[in-house]
Amino acid sequence: MNQIADILELATQAIQQNIDAVLATVVRTEGSAYRQPGAMMLICADGRSVGMISGGCLEPHIIKRAFWLTRHGASVQVYQTGDDIGYHKNSDSDSTVVKDVSVKDEDMSEDDFLEGEINFGLGCNGRVHVLFERLATAIPLLDLIRQVRHTQQPVTIATLMRSDNSENGALDLQVGSRIYLDTYLKTGSLTDIYLNHNVAGDANTVIDNVLLKAIRKLSKHQFHKKDAEYVELSDDLELQATANRQYESGAELVLKAGQTEWLLQRICPQIRLLICGAGNDVIPLVTMAKLQDWHVTVIDSRPQYATRRRFSQADSVLCLPLDDTDSLLKLSAGAAVAVMSHSLTQDRARLAVLLKHSAHYHYIGQLGPRYRTERLIREIGETSVNPHILADGIDKLHYPIGYKLGGDGPEALALSIMAQMSAVMHNQSSQTMSPSSQEQHSKTDVQTPA
């Protein structure tokens with residue numbers, strides 16, 4: 001399972017068993033960082049934990065301190081991963097350097113844990129900002145993630161990280177307060193905009209004044225390559241994205257008058273994978289896709305192949321007739337599609353539909369040697385009323401499917417397919433290969449035995 005699925009499952013268990021827990025979320029990174037904003041980790045009071053917010057270097061310290069850090073409510077901690085890098089504590093000119101990777105309790109004061117920066121001499125030369133909150137406060141967020149996974153509809157939220165405490169123009173919200181921006185974007189209404197009611201004062205007063213202006217500005221933010229960005233609102237509500245700001249050693253983290261800092265998140269549905277074919281070589285592909293938390297559907301017109309018993313990890317296994325065009329288009333909408341039935345009849349029928357609707361899916365790949373796929377395309381074109389309608393689909397078709405990574409067998413094939421699909425789905429530059437270099441994916445045109 002993927003970390004998000006594991007976190008949701010453990011959170012459900014903790015609630016049912018009445019066990020307290022702390023959710024740790026990466027909200028900002030500067031310089032080199034193993035995980036990006038939005039990465040989460042859940043720590044239970046009984047010792048169980050799932051998820052990672054670093055490469056494993058910060059987790060032991062975080063597990064020990066999670067409940068202590070949240071005894072008074074949500075808090076944000078800053079961890080340095082530099083090699084003997086100094087930092088400024090609470091904007092003081094004096095800096096303190098912690099050189100050891102393991103930080104001893106007796107070496108740290110209460111203020112160090114609440115507001116200071118802790119240095120782990122890992123040589124990565126970066127900072128990781130982590131929000132800690134108890135499970136009771138985080139439940140609305142986790143429920144929202146479940147909703148997105150169920151409805152396949154993305155949502156946008158803003159979480160307050162820091163706020164100027166001056167009397168003029170200060171938000172009457174506590175750290176960790178979340179705003180559901182989609183409600184305002186869709187209806188212009190300010191009703192039910194809070195995911196969690198972590199409000200220090202009267203909510204109506206807050207909404208009528210500073211918060212209304214902040215919501216309007218945050219709602220206009222355009223995400224770039226990432227679905228989580230750290231942004232700042234100055235006293236004149238000028239929004240500035242800081243997710244990619246260059247990290248400088250010793251930079252002071254001081255808020256200007258009237259300034260607030262937010263984590264803006266676009267919570268997106270799982271990437272969906274449709275596999276047309278249920279041969280034995282599909283099994284490792286399903287496994288690898290689920291490790292990436294993709295939603296996986298396997299279809300085949302042969303009932304002895306398309307069984308839940310054979311593909312227990314898949315989200316859905318369907319025996320889909322070859323003439324069920326409507327279901328095929330519905331399942332492929334916005335998805336990555338792998339056509340790999342080892343049957344000319346099946347592949348021809350699926351491709352004949354999919355190539356006509358090239359804008360319907362994000363990725364499509366066909367298993368088998370290049371000459372086999374070209375034969376399928378030729379036969380489909382010969383029976384098509386308008387062969388030109390296939391052009392865009394053919395241009396989008398990856399064949400042979402997957403990158404040339406070397407290796408042999410179903411597992412190596414699955415790895416090459418996942419690498420190519422992941423690059424396309426995440427808008428990464430594709431690997432350039434000549435057709436002749438991909439012949440390692442050549443397969444015979446017989447059905448795979450069950």
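Preceding this section is the structure that the text describes.
Here is a short report on the structure shown in this document. (Residues numbered from 1 in each chain as written. Predicted model: local features only at pLDDT ≥ 70, side-chain atom pairs only at ≥ 80, totals over all residues. Heavy atoms only, no water.)

1. Focus on the pairing of strand S4 (residues 75–80)
- A large share of S4 lies buried, amounting to five of its six residues.
- Pairing of S4 with strand S8 (residues 126–134) involves six bridges; the strand directions are antiparallel. Counterpart to Tyr79 in the pairing with S8 is Val128. (Buried < 20%, exposed > 50% of the residue type's maximum accessible area, 1.4 Å probe, protein only. Helix = DSSP H or I, 4+ residues; strand = E, 2+ residues; numbered from the N terminus. Pairing = 2+ DSSP bridges.)

2. What about the environment of Met425?
- Within the secondary structure layout, Met425 lies in helix H12 (residues 410–425).
- When the C-alpha positions of Met425 and Ala335 are compared, they lie 8.7 Å apart, and in sequence the two are 90 residues distant.
- Setting aside residues no more than four positions away along its own chain, Met425 makes contact with Ile271, Trp294, Gly334, Ala335, Ala336, His362 and Tyr363. (Contact = heavy atoms within 4.5 Å.)

3. A few points about the layout of surface pockets
- Its boundaries defined by the atoms lining it, the largest pocket holds a volume of some 1,800 Å³.
- Asp227, Cys268, Pro269, Ile271 and His426 are the residues nearest the centre of the largest pocket, which is lined by 40 residues in total.
- At the level of secondary structure, the elements contributing two or more residues to the lining of the largest pocket comprise helix H1 (3–16), helix H4 (135–151), strand S14 (260–267) and H12.
- For the lining of the largest pocket, a count of residues per class yields 17 nonpolar, 15 polar and eight charged. (1 Å grid on protein atoms, 1.4 Å probe; cavity = no way out; pocket = protein on both sides within 12 Å on 5 of 7 lines; lining within 4 Å. Points joined across faces, edges and corners; volume = space filled by probe spheres on them. Nonpolar A, V, L, I, M, F, W, Y, C, P; charged D, E, K, R; others polar.)

4. Describing empty space enclosed by the protein
- Counted according to the given criterion, the structure contains two cavities of 30 Å³ or more.
- Every residue along the wall of the second largest cavity is listed here: Ala11, Ile15, Leu135, Ile139, Leu142, Asp143 and Arg146.
- Elements with a minimum of two residues in the lining of the second largest cavity: H1 and H4.
- Looking at which element gives the most residues to the lining of the second largest cavity, the answer is H4, with five residues.
- Within the lining of the second largest cavity, the residues separate by chemical class into five nonpolar, no polar and two charged.

5. A look at unusual backbone geometry
- Look at the link from Tyr399 to Pro400: it is a cis peptide, with omega at -10°.
- Tracing the sequence through the fold places Pro400 in the loop between strand S20 (397–398) and H12.
- For Asn18, which is not glycine, the phi torsion reads 55° and is therefore positive.
- Following the sequence through the fold, Asn18 ends up in the loop between H1 and strand S1 (21–31).

6. Concerning the nonpolar core
- By size, the foremost hydrophobic cluster in this structure holds 29 residues, and its most contacted members are Leu273, Ile275, Leu285, Trp294, Val296, Val298 and Met421.
- Every element with two or more residues in this core is listed here: strand S15 (272–276), helix H7 (282–291), strand S16 (295–300), strand S18 (336–339) and H12.
- A total of seven residues in this core trace back to one element, the largest contributor, which is H12.
- Leaving out residues up to four positions away in the same chain, Leu285 has contacts with Leu273, Ile275, Ala338, Met340, Ala414, Ile417, Met418 and Met421. (Core = buried A, V, L, I, M, F, W, Y, C linked by side-chain atoms within 4.5 Å.)

7. Points about helix H10 (residues 370–383)
- The end-to-end C-alpha distance of H10, which contains 14 residues, comes to 20 Å, matching closely the 20 Å that a straight helix rising 1.5 Å per residue would cover.
- Residues Arg372, Thr373, Leu376, Ile377, Glu379, Ile380 and Gly381 constitute the buried set of H10.
- Looking at the buried side of H10, the elements it contacts are helix H9 (344–354), strand S19 (363–366), helix H11 (391–396) and S20. (Expected span 1.5 Å × (residues − 1).)

8. Observations regarding the sheet that holds S18
- Taking strand neighbours across the sheet as the criterion, the six strands line up as S17-S16-S15-S18-S19-S20 in an open arrangement whose pairing is parallel. Edge positions in the sheet fall to strand S17 (316–319) and S20, since each has one partner strand and no second.
- Here S19 pairs with S20 via two bridges, running parallel. For Ile364, the partnering residue across the bridge sits in S20 and is Leu397.

9. Re the pattern of salt bridges
- This model, assessed by the stated rule, comprises 16 salt bridges.
- The partner of Glu30 in a salt bridge is Arg127, with the nearest N and O atoms 3.9 Å apart. With a gap of 97 residues between them, Glu30 in strand S1 and Arg127 in strand S8 connect regions that are remote in the sequence. By the burial criterion, Glu30 is buried, and Arg127 matches it.
- Between Arg348 and Glu379 there is a salt bridge, with its nearest N and O atoms 2.8 Å apart. With a gap of 31 residues between them, Arg348 in helix H9 and Glu379 in helix H10 connect regions that are remote in the sequence. (Salt bridge = Lys/Arg side-chain N within 4 Å of Asp/Glu carboxyl O.)

10. Looking at the packing of aromatic side chains
- In total, this model carries zero aromatic pairs according to the counting rule given.
- The lysine or arginine in question, Arg65, covers the ring of Trp68, its NZ or CZ lying 5.4 Å from the ring centre.
- Over the ring of Trp68 we find Arg71, and its NZ or CZ is 3.8 Å from the ring centre. (Phe/Tyr/Trp six-rings, centres within 6.5 Å; stacked < 30°, edge-to-face > 60°. Lys NZ or Arg CZ within 6 Å of the ring centre and 35° of its normal.)

11. Quick word on the packing of H7 against H12
- Packing of H7 against H12 leaves a shortest axis separation of 8 Å and a crossing angle of 45°. Compared by their axis directions, H7 and H12 come out oblique. The way H7 lies across H12 gives a crossing that is right-handed. Contacts between H7 and H12 involve Pro284, Leu285, Met288 and Ala289 on the former and, on the latter, Pro410, Glu411, Ala414, Leu415, Ile417, Met418 and Met421.
- Classifying every residue of the contact of H7 with H12 by side-chain character gives ten nonpolar, no polar and one charged. (Axes fitted to C-alpha atoms, helices over the stretch in contact; angles between N-to-C directions. Parallel < 35°, antiparallel > 145°, perpendicular 65-115°, else oblique. Left-handed = near helix turned anticlockwise from the far one by under 90°.)

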